[in-house]
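Listed below, chain by chain, are the residues.
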Amino acid sequence: MIDTHAHLDALDDDPADVIGRAAEAGVGRILTVGTTPAGCRRALELADTHDGVFAILGIHPHEAGAATDDDVAEVRELLAHPKAVGVGETGLDWFRDYAPRDAQHRLFDRMLELAADLGKPAVIHTRAADADTVDALAGFDGRVVLHCFSSPHLLEPARERGWYVSFAGNATFPKAVDLRLAATQVAADRILAETDCPYLAPQPVRGRPNEPAYVVHTLAALAQSRGETPEELERLIDANATACFGLPA
């Protein structure tokens, strides 16, 4: 199995221990995310240290108010690393509004330019900004991953444009019927699963800090909703992630 979106540097435990527990659970590959230039450097350090770890590098929309041209230039340089496989997470967040909206739009455009220039997928964070996110992506023809999919309103544009849809632990919550229904409507070659750890621990371990080993619970819930075995969905998601992020086969 693969965890397509984790924040290993945000966990309290030693990353080596976390990665070891993931391997014991059958999770052999982890994509860890950098959300600031410093976080991107840490993500690459982990990727260099551990064979099964790869890095997604970008500047989070919450950081848009303070992000500089030099920060964007540094992220571009870091993305040249052979284990940097995606740009993000990037996008728009009108729920928290931690950064001015115009600054978020500008940063989103810059991150999409990086993804287009470098031929890497754009990993999208969007919250309470569905329409504006779709509009911002209108001119982007590269691969798109809707990370931590939480808005069924985005399902139709995702299906129309062939975006990847990645489900996190919140899809296992008892009230998340709409997310599990959405999972049944995502094409077999476009579905992904993630933890977004240390956040959103799946229902069987809810209340604990999330970690990559727990992606098995999300995968099981998605498989049940889709009428597939966990093993079938595991193979699909692994193949999809390999294709989307250009991972070694």
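Up top you'll find the structure we're talking about.
What you see is a predicted model; the values in this text were computed from it and never measured.

Student: Got a minute to help me understand the nonpolar core in this structure?
Tutor: General note: in soluble globular proteins, nonpolar side chains tend to be found buried as a group. One finds Leu-57, Phe-149, Phe-167 and Phe-245 to be the most contacted residues of the largest nonpolar core, which totals 80 residues. Per-element accounting of this core gives the leading share, 7 residues, to helix α4 (residues 101–118). The residues contacting Leu-57, other than those within four sequence positions of it, are Gly-34, Cys-40, Ala-43, Leu-44, Val-75, Leu-78, Leu-79, Ala-84, Gly-86, Val-87 and Gly-88.

Student: Teacher, can you tell me more about the packing of helix α7 (residues 177–184) against helix α8 (residues 215–226) here?
Tutor: Relative orientation and spacing of two packed helices are given, respectively, by the angle between their axes and the distance between those axes. Where α7 contacts α8, the axes come no closer than 8 Å and their chain directions differ by 65°. In this view, α7 runs roughly perpendicular relative to α8, as classed from their interaxial angle. Note that α7 runs across α8; the crossing there is right-handed. Contact with α7, carried on its side by Arg-180, Ala-183 and Thr-184, involves Leu-222, Ser-225 and Arg-226 of α8 and no other residues of that element. Each residue belonging to the contact of α7 with α8 can be placed in one class, and the counts come to 2 nonpolar, 2 polar and 2 charged.

Student: Just checking my understanding: could you explain empty space enclosed by the protein for this structure?
Tutor: Which parts of space are left empty comes out when a probe the size of a water molecule is rolled across the atoms. Scanning the model with the defined rule gives 1 cavity of 30 Å³ or more in all. Its boundaries defined by the atoms lining it, the largest cavity holds a volume of some 30 Å³. If you go around the largest cavity, the residues you meet are Thr-4, His-5, Ile-56, Val-123, Val-145, His-147, Ser-166, Leu-192, Glu-194 and Phe-245. Within the lining of the largest cavity, the residues separate by chemical class into 5 nonpolar, 4 polar and 1 charged.

Student: Where do I start with the layout of surface pockets in this structure?
Tutor: In this structure, the largest pocket spans a volume of roughly 730 Å³. When residues of the lining of the largest pocket are traced back to their parent elements, those giving at least two are β2 (29–34), α2 (37–49), β4 (84–93) and β5 (122–127). Sorting elements by how many residues they give to the lining of the largest pocket places β5 first, with 4 residues. Among the residues forming the lining of the largest pocket, the class breakdown is 11 nonpolar, 13 polar and 9 charged.

Parameters and conventions
- Residues numbered from 1 in each chain as written.
- Predicted model: local features only at pLDDT ≥ 70, side-chain atom pairs only at ≥ 80, totals over all residues.
- Heavy atoms only, no water.
- Core = buried A, V, L, I, M, F, W, Y, C linked by side-chain atoms within 4.5 Å.
- Buried < 20%, exposed > 50% of the residue type's maximum accessible area, 1.4 Å probe, protein only.
- Helix = DSSP H or I, 4+ residues; strand = E, 2+ residues; numbered from the N terminus.
- Contact = heavy atoms within 4.5 Å.
- Axes fitted to C-alpha atoms, helices over the stretch in contact; angles between N-to-C directions.
- Parallel < 35°, antiparallel > 145°, perpendicular 65-115°, else oblique.
- Left-handed = near helix turned anticlockwise from the far one by under 90°.
- Nonpolar A, V, L, I, M, F, W, Y, C, P; charged D, E, K, R; others polar.
- 1 Å grid on protein atoms, 1.4 Å probe; cavity = no way out; pocket = protein on both sides within 12 Å on 5 of 7 lines; lining within 4 Å.
- Points joined across faces, edges and corners; volume = space filled by probe spheres on them.

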